[in-house]
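The residues making up each chain are set out below.
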Amino acid sequence: MYSKNIFLLFLILYGFNSSQAQISVISGVSAIDLIDDLLDTTGSTLSVSNITLNCDSSAYGIFTGPSNLGLDNGIVLSSGKANSFIYHTLGQNSDSLGTNGDSDLTSVAQVSTFDACVLEFDFTPFGDTVIYKYVFTSREYPSFNCSNFNDVFAFYISGPGFNNPTNVALLPNSNIPVTINNVNDQSSLFCGDSNFFVKNFDTFLSTQGFTIPLLVKAPVNNGQQYHLKIAIADANDAILNSHVFLGRKSLLCKKARPSAVNSKSLMKDIKIFPTLFDNEINILDSKNKIESLDIFTSTGSWVLHSEIKSSKKQHTISLQQLPKGMYFISFMDKLNSRISTSKIIKK
């Protein structure tokens, strides 16, 4: 295998240079700007707090414009300059930012890592599954498939149900992390999986390959706090950049859809009145089973979440903001298990 320095010289001397790139990166944004772009706020299916960004100021941004990535807008994190995947910045495709790697990514790549870019935050879901869409690309493709230059990224989630930070950026229906050696065109030594890989023929992108848009789905407990760490880094050396793109408004929590069937045995200690209401309902919880409640439309769309902190046996819930119609009210107990669902109608 020829050296990476010779390969880099080839890129600079013979690389295509276009001034008509249709995709661009907005740099100089804040960590909050990144989350605002990533988070789907429709229906407020999750809330975010404690946002931190440990990354060179040139290594992240908001991308926009058509390409064949499968994502036209969103945020980008890179192990080099964030805009170096665009052809007119080809000479920047091998930035060494001089920043540290990440210990978690080192354990995935199994070699030393460099130039890590890490975005972290806490989130509270109002549903049962957190979802987001991403694409991974690298200038290591395809010349350094099946090598020690195994650039890597990961999405680590921690919280209830995850005893340790767990990487959920995996190939579908597997425990295989997404790395250079695990996803590629199999042109070198036939390592990896080509089913999730796209050979790039778009002259506006400097990378020769990337993953198809992949979807992360992680089970979560409604109303409980989790932590998410999104990280990318160079592996084994600090040249030839990699990027992870996350689709705009793709981070959301799947809204738990309740069953319309009531269990009389569960409901005997919980009574709702009136079920045909004007602006508020009363809930009688004779054995203090209820920890929280959610209200859904008749089609299963989540519209309200409320914590029940009082030890009183009767609670009054204002629903003045809801339009007229039929809803389902669903109760959770102190173990975050759904204990009952009932129909209510606003007249």
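These numbers come from a predicted model, not from an experiment.

Moving on: the state of the cysteines. Going through the model one piece at a time under the given rule, you end up with one disulfide. Paired by a disulfide, C55 and C117 hold their sulfur atoms 2.0 Å apart. Its S-S torsion of approximately -100° makes the covalent link between C55 and C117 left-handed. Taken together, the residues span a long stretch of sequence, with C55 in the loop between β2 (46-54) and β3 (60-64) and C117 in strand β5 (residues 113-125) at a distance of 62 residues. Residues C55 and C117 agree in their burial class; the two are buried.

Taken together, the side chains of L276, M326 and I345 define a hydrophobic patch exposed on the protein surface, amounting to about 230 Å² of accessible area. Within the secondary structure layout, I345 lies in strand β22 (residues 338-346).

As a further point, take the sheet that holds strand β15 (residues 270-273). The three strands are arranged β15-β17-β20 in an open sheet whose pairing can be described as antiparallel. Two strands close off the open sheet at either side, each with one partner strand: β15 and β20 (314-318). In this sheet, adjacent strand axes meet at a mean angle of 20° when their direction is disregarded. The pairing of strand β17 (residues 280-285) with β20 spans five bridges and is classified as antiparallel. Bridge assignment links N282 to a residue of β20, and that residue is T316.

Relative to the assigned elements, D37 resides in helix α2 (residues 31-38). With residues near it in sequence (within four places) discarded, D37 still touches I62, G74, I75, R248 and K249.

What follows deals with the sheet that holds strand β7 (residues 152-159). In a beta sheet, neighbouring strands pair by backbone hydrogen bonds and run either parallel or antiparallel. In space, the five strands of this open sheet follow the order β2-β5-β12-β7-β8, with antiparallel pairing throughout. Looking at the sheet topology across the chains shown, the edges are occupied by β2 and β8 (162-167). Between one strand axis and the next, the sheet turns through 20° on average, direction left out of account. Relative to the sheet, α2 contacts β2, β5 and β12 (226-235), its axis offset from that of β2 by approximately 140°.

Turning to the environment of E291, a few remarks are in order. Within the fold, E291 resides in strand β18 (residues 290-297). Since its relative accessible area comes to 25%, E291 is described here as partly exposed. Sequence separation between E291 and S306 is 15 residues, and the spatial gap between their C-alpha atoms is 8.9 Å.

For the bond from F273 to P274, the omega torsion is -10°, close enough to zero to count as cis. Relative to the elements of secondary structure, P274 occurs in the loop between β15 and β16 (276-277). For N50, which is not a glycine, the phi torsion comes out positive at approximately 55°. Relative to the helices and strands, N50 resides in strand β2. Despite not being glycine, D115 shows a phi value in the positive range, around 50°. With relative accessibility at 1%, the residue D115 sits in the buried group.

Along the polypeptide, K347 turns up in the segment after β22. Along the chain, K347 and M326 lie 21 residues apart, while their C-alpha atoms are 8.7 Å from each other. Filtering out sequence-adjacent residues up to four positions away, K347 remains in contact with L276, F277, D278 and K324.

Reading the values: the criteria
- One numbering rule holds for all chains: residues counted from 1, following each sequence as written.
- Thresholds applied to this predicted model are a pLDDT of at least 70 for local features of residues and 80 or more for the giving and counting of side-chain atom pairs; totals over whole chains, interfaces and linings are not thresholded and use all residues.
- Values shown for side chains rest on all heavy atoms present in the structure; no hydrogens or waters enter the calculation.
- Criterion for a disulfide: a pair of cysteine sulfur atoms at a distance within 2.5 Å.
- Secondary structure elements are defined from DSSP: runs of H or I of at least 4 residues count as helices, runs of E of at least 2 residues count as strands, and each element is numbered from the N terminus.
- Whether a residue is buried, partly exposed or exposed follows from its accessible area with a 1.4 Å probe, protein chains only, as a fraction of its type maximum: under 20%, in between, or over 50%, in that order.
- Within the patch definition used here, like charges are joined within 9 Å and nonpolar side chains (Val, Leu, Ile, Met, Phe, Trp, Tyr) within 5 Å, considering only residues with over 30% relative accessible area and no salt bridge.
- Only the protein chains shown count as cover for residues, and all accessible areas are computed by the Shrake-Rupley method using a 1.4 Å probe.
- When a carboxyl oxygen of Asp or Glu lies within 4 Å of a side-chain nitrogen of Lys or Arg, that pair is called a salt bridge.
- Between any two strands, pairing holds if DSSP finds at least two bridges.
- Orientation is described by axes fitted as lines to C-alpha atoms, over the contacting stretch for helices, and by angles from 0 to 180 degrees between their N-to-C directions.
- Should any heavy atoms of two residues lie within 4.5 Å, those residues are counted as being in contact.

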